[in-house]
Amino acid sequence: MAVEVEATSQLDEFLGVLKRRVWAIVLPATLISAIGISIAIVIPKKYVSSTRVMLRDVESDGGGGSGEGTSEGRVAEHTIRSPARVRAVLKELAWDDYLVLVAQDESLYVDRTLGNLEVETPPMDRYAGQQLVRAEFAHVEATRARDFLENLMARWRTEVLERRHNQTRQAHDDLKESRVQTEDVLKSIGRQISELRQLHGIPPALQDGDRVKQRLAPQFTALEVEKEQLLEFEEAYVNALILRDRLVSARDRMEDEVPFTTKVQADDTAKRVQAVDTGIAQLESTLAARGWLPAHRKYRLAQSEIGRLRRERDALVAAQTAAFIEQIMVPNDVKVRASAQVEDAGEQLVVLHQRLTTQDDKVAAMNIEVQELQDAYVQLGELGAEQARKHAILQATETQLESVRQELAQLDGPMGNPFEVQDSPNLPTSPTEPNPWLIGAFSVLAGLAVGLAAAIAGEYSKSTFRTAGDLARVMAVPVLATVNVIVTRKQARRATAKRLAVGGITTGFVVILAYITWAFAFRQDLLSPEVRDSIEAFRGTFK
């Protein structure tokens with residue numbers, strides 16, 4: 001009677017997979033473990049030398065820290081690991097394996113050296129006034145590890161101190177040069193002030209405590225006097241102009257002629273006409289001889305008299321020959337005298353106008369001179385302000401220069417060194433990295449992991465039924481029996497030969513690798529130069 005096949009558990013199936021594919025696990029685990037252990041033995045062991053340096057702020061004379069020490073400490077990680085500094089240290093140490101390198105290999109060597117160098121600046125309180133710097137360097141030779149780190153840190157400290165000295169000396173030289181330039185500027189300003197005073201006759205300034213008070217030049221007082229004189233001339237001219245206008249107005253209201261009553265005989269008319277003509281001729285000859293201009297007062301008087309005589313003559317000619325009483329028009333003597341007064345007032349006005357013009361020109365010229373003086377005073381004020389500013393700058397420069405001198409003296413003393421070496425670079429007695437036991441254990445675990453992964457992948461990557469349990473889980477009807485794979489003798493022999501070959505090759509590889517590793521560690525003379533060179537090249541990648 002057929003019996004149903006019972007399904008197995010997943011643990012049983014997993015153990016069955018491990019049993020069936022034990023060689024798929026053992027071979028990778030053996031190879032990787034052997035390689036890892038060999039590498040752990042062959043890989044160069046590095047000695048680590050370490051040091052600790054504390055940078056403190058240098059106290060200034062004012063009582064506060066300058067902050068330069070902590071600033072240098074915060075950037076120490078970058079400055080110490082500078083490729084240029086590392087290259088300089090390597091050249092100074094003159095290691096044989098470095099001196100024979102070409103430029104490209106030299107850069108790779110420097111990069112590997114930087115990879116073995118660690119610099120750490122742990123965070124500290126910003127007001128602590130100090131900064132700790134820790135440095136470590138790993139090398140396959142203990143003396144090289146110590147010598148490199150010692151030389152590197154010494155060079156860094158020296159460069160920091162020299163840089164501070166150079167910066168302070170440069171600041172000292174700059175301040176001295178600035179002082180000389182400021183003194184030259186002050187001398188130039190003094191010369192300009194003296195030249196301005198001499199050119200414009202400005203008296204020297206008065207010192208009023210910390211202030212400088214400029215005294216006024218005498219031209220300002222003289223200008224005020226001349227302005228008062230000009231006002232007096234203007235007032236006199238205006239009064240004279242008003243008087244003349246009044247005289248002209250009074251004269252213009254007068255009649256040019258007034259009536260005159262006379263008794264004329266007929267036989268006397270001819271004689272009278274002849275006498276008038278004689279008077280006219282005499283006046284005209286006098287005008288021609290004197291050469292008076294029409295604007296002359298006597299010229300106008302003579303013309304007025306000639307006009308009167310001509311009117312008188314015309315009246316006489318028109319008169320009857322018989323005797324009669326006749327009323328004629330004669331010039332107004334009052335108006336003539338008023339005209340003379342107007343002429344005198346006009347002449348006086350001309351004289352006053354000339355005086356006024358002369359005084360106005362004088363005041364204008366003095367105004368120009370005073371304006372130039374005002375410009376000179378403005379320039380003196382600007383130069384004085386610039387002089388005071390330069391004196392303040394010179395005083396501040398002297399103060400800074402004295403402070404820098406004291407700082408230089410302090411830098412040359414013991415208090416000027418901000419470095420405190422807490423731990424000097426030590427000579428390591430035993431290698432600290434890498435850990436061969438950790439590498440061996442990791443290689444064994446890695447080999448087992450790879451073997452298990454290969455076994456599981458090989459087992460579950462095929463889409464077939466591996467056990468009766470697989471069939472029972474997917475079929476509706478019960479599984480009554482299973483038939484194993486039928487293997488012929490030929491197939492069995494071939495599989496056995498394959499396993500023996502793989503096992504032999506693996507065993508041979510492990511034996512050869514173990515021998516090379518042992519020989520390199522204890523008897524390198526048993527290895528050929530090619531093998532030793534290959535191993536050294538491999539080791540060089542980890543140095």
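Attention here is on the structure that accompanies the text.

1. Considering a positive patch on the surface
The grouping of R489, K490, R493 and R494 at the surface amounts to a positive patch. Structurally, the position occupied by R489 is in helix α15 (residues 489-522). On the basis of relative accessible area, R489 is assigned to the exposed category, the value being 71%.

2. Comments concerning the packing of aromatic side chains
Aromatic rings in a pair are described by how distant their centres are and how their planes are angled relative to each other. Tallying each qualifying case throughout the model produces 4 aromatic pairs. One aromatic cluster in this structure is built from W95, F137 and F148.

3. Focus: a nonpolar patch on the surface
Taken together, I37, I41, V444, L445 and L448 make up a surface patch of nonpolar side chains, about 420 Å² in accessible area. Secondary structure elements with two or more residues in the nonpolar patch: α2 (22-42) and α13 (436-460). Top contributing element to the nonpolar patch by residue count: α13, with 3 residues. For I37, the location among the structural elements is in helix α2. Residue I37 is classed as partly exposed on the basis of its relative accessible area, which comes to 40%.

4. Points about the side chain of R144
Residue placement: R144 occurs in helix α8 (residues 142-200). Polar side-chain contacts of R144 include one of 3.2 Å to the side chain of D97. Apart from residues lying up to four places away in sequence, R144 is in contact with W95, D96, D97, Y109, F137 and H139.

5. Focus: the sheet that holds strand β1 (residues 47-56)
Here we have 4 strands laid out as an open sheet, ordered β2-β3-β1-β8, and antiparallel in their pairing. Because the sheet does not close on itself, it has two edges, and the strands there are β2 (117-120) and β8 (419-423). Pairs of neighbouring strands in the sheet enclose a mean axial angle of 20°, with direction left out of account. Of the pairings in the sheet, the one linking β1 to strand β3 (residues 130-139) comprises 10 bridges and is antiparallel in character. Across the sheet, the residue bridging to R56 is Q130, located in β3. On the sheet, α8 packs against β1, β2, β3 and β8 and is oriented at approximately 20° with respect to β1.

6. Topic: the pattern of salt bridges
In the structure shown here, the tally under the stated rule is 16 salt bridges. A salt bridge links R146 to D147; the nearest nitrogen and oxygen atoms lie 3.3 Å apart. D147 gets classed as partly exposed once you look at its relative accessible area, which sits at 26%. One salt-bridge network, in which partners are shared between bridges, spans D97, E141 and R144.

7. Comments concerning the side chain of K46
Its place among the elements puts K46 in the loop between α2 and β1. Within the local environment of K46, its side chain forms a polar contact with the side chain of N116, the two groups lying 2.7 Å apart.

8. Remarks on the pairing of β1
Strand residues, when the strand is regular, have side chains that alternate between the two faces of the sheet. Pairing geometry for β1 and β8, over 4 bridges, is antiparallel. The partner of R52 across the bridge, within β8, is D423.

9. Points about a negative patch on the surface
A grouping of E224, E228, E232 and E235 is seen on the molecular surface, where their side chains present a negatively charged patch. Here E228 is to be found in helix α9 (residues 218-252). Residue classification places E228 among the exposed residues on the basis of a relative accessible area of 52%.

10. Brief notes about the nonpolar core
One finds I80, L90, V133, F148, M153 and W156 to be the most contacted residues of the largest nonpolar core, which totals 25 residues. Those elements that place two or more of their residues in this core are β1, α4 (76-80), α5 (83-93), α7 (103-115), β2, β3 and α8. With 7 residues, the top contributor of residues to this core is α8. When near neighbours in sequence (up to four residues on either side) are disregarded, W156 contacts V53, L55, E72, A76, T79, I80, R85, V133 and F419. Residues A240, L356, V370 and L383 belong to the second largest nonpolar core, which totals 22 residues.

The rules behind the values
Residues numbered from 1 in each chain as written. Predicted model: local features only at pLDDT ≥ 70, side-chain atom pairs only at ≥ 80, totals over all residues. Heavy atoms only, no water. Patch = residues over 30% accessible without salt bridge, like charges linked within 9 Å, V, L, I, M, F, W, Y side chains within 5 Å. Areas by Shrake-Rupley, 256 points an atom, 1.4 Å probe, with all protein chains shown as cover. Salt bridge = Lys/Arg side-chain N within 4 Å of Asp/Glu carboxyl O. Lys, Arg positive; Asp, Glu negative; His and termini not counted. Charge placed at Lys NZ, Arg CZ, Asp CG, Glu CD. Helix = DSSP H or I, 4+ residues; strand = E, 2+ residues; numbered from the N terminus. Buried < 20%, exposed > 50% of the residue type's maximum accessible area, 1.4 Å probe, protein only. Phe/Tyr/Trp six-rings, centres within 6.5 Å; stacked < 30°, edge-to-face > 60°. Polar contact = N/O pair within 3.5 Å; in protein donor to acceptor, adjacent residues only side chain to side chain. Contact = heavy atoms within 4.5 Å. Pairing = 2+ DSSP bridges. Axes fitted to C-alpha atoms, helices over the stretch in contact; angles between N-to-C directions. Core = buried A, V, L, I, M, F, W, Y, C linked by side-chain atoms within 4.5 Å.

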